[in-house]
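Reading the structure
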Amino acid sequence: ESKDGTLLVGTKQSQIYENGELVAEYHYYGELWGLATHPSTDRYATTGDDSTLRVWDASKKVQVAKAELETLARAAAYSPDG
């Protein structure tokens, strides 16, 4: 849950729900495993079976960055200072 009370939930079908509403289906195959909200912006990061780390703008609901990983990922996190 973010500081403004927004709750993001990721599913094994790679869907993201914001406060109970489906807002997007992101990773292109496999499951979404990691979901982390940025501590001071409206961005969040996701990781999953498609071996990518993606950063999203929550207000615009668009991807703003993508990194190819060497393997699939099971977690995502931001440091407390961003």
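As shown above, the structure is provided for reference.
Keep in mind the model is a prediction, meaning the values are calculated, not measured. (Residues numbered from 1 in each chain as written. Predicted model: local features only at pLDDT ≥ 70, side-chain atom pairs only at ≥ 80, totals over all residues. Heavy atoms only, no water.)

Re the overall build of the protein
Helices and strands together make up the secondary structure of the protein, namely zero helices and seven strands. When the helices and strands of the protein are read in sequence order from the N terminus, they spell out β-β-β-β-β-β-β. The C-alpha radius of gyration computed for the protein amounts to 12 Å, which stays within 12% of the reference 12 Å derived for 82 residues, consistent with globular compactness. Counting only contacts in the protein whose residues sit at least 6 apart along the sequence, the fraction spanning at least 24 positions is 29%. Separation between the mean location of the 8 positive side-chain charges and that of the 13 negative ones in the protein comes to 2 Å. (Helix = DSSP H or I, 4+ residues; strand = E, 2+ residues; numbered from the N terminus. Rg over C-alpha atoms; globule rule 2.2 N^0.38 Å. Contact = heavy atoms within 4.5 Å. Lys, Arg positive; Asp, Glu negative; His and termini not counted. Charge placed at Lys NZ, Arg CZ, Asp CG, Glu CD.)

Considerations on the pairing of strand β7 (residues 62-68)
Sheet topology places strand β6 (residues 52-57) next to β7; six bridges connect them, and they run antiparallel. Bridging from a neighbouring strand, Thr 52 pairs with Glu 68 of β7. In sequence, β6 turns back onto β7 through a hairpin of four residues, with Lys 61 there showing a positive phi of about 60°. (Pairing = 2+ DSSP bridges.)

Quick notes on the sheet that holds β7
Strand order in this open sheet of four strands is β4-β5-β6-β7, and the pairing throughout is antiparallel. In the strand order of this sheet, the two ends are held by β4 (32-37) and β7, each with one partner. The average undirected angle you get between the axes of adjacent strands in this sheet is 20°. (Axes fitted to C-alpha atoms, helices over the stretch in contact; angles between N-to-C directions.)

Examining the pattern of salt bridges
Enumeration over the complete set of coordinates arrives at four salt bridges. The partner of Asp 50 in a salt bridge is Arg 54, with the nearest N and O atoms 3.1 Å apart. Comparing Asp 50 with Arg 54 shows no difference in burial state: the two are buried. For Glu 68, the salt bridge is made with Lys 66, and the minimal N-O distance between the two is 3.2 Å. (Salt bridge = Lys/Arg side-chain N within 4 Å of Asp/Glu carboxyl O. Buried < 20%, exposed > 50% of the residue type's maximum accessible area, 1.4 Å probe, protein only.)

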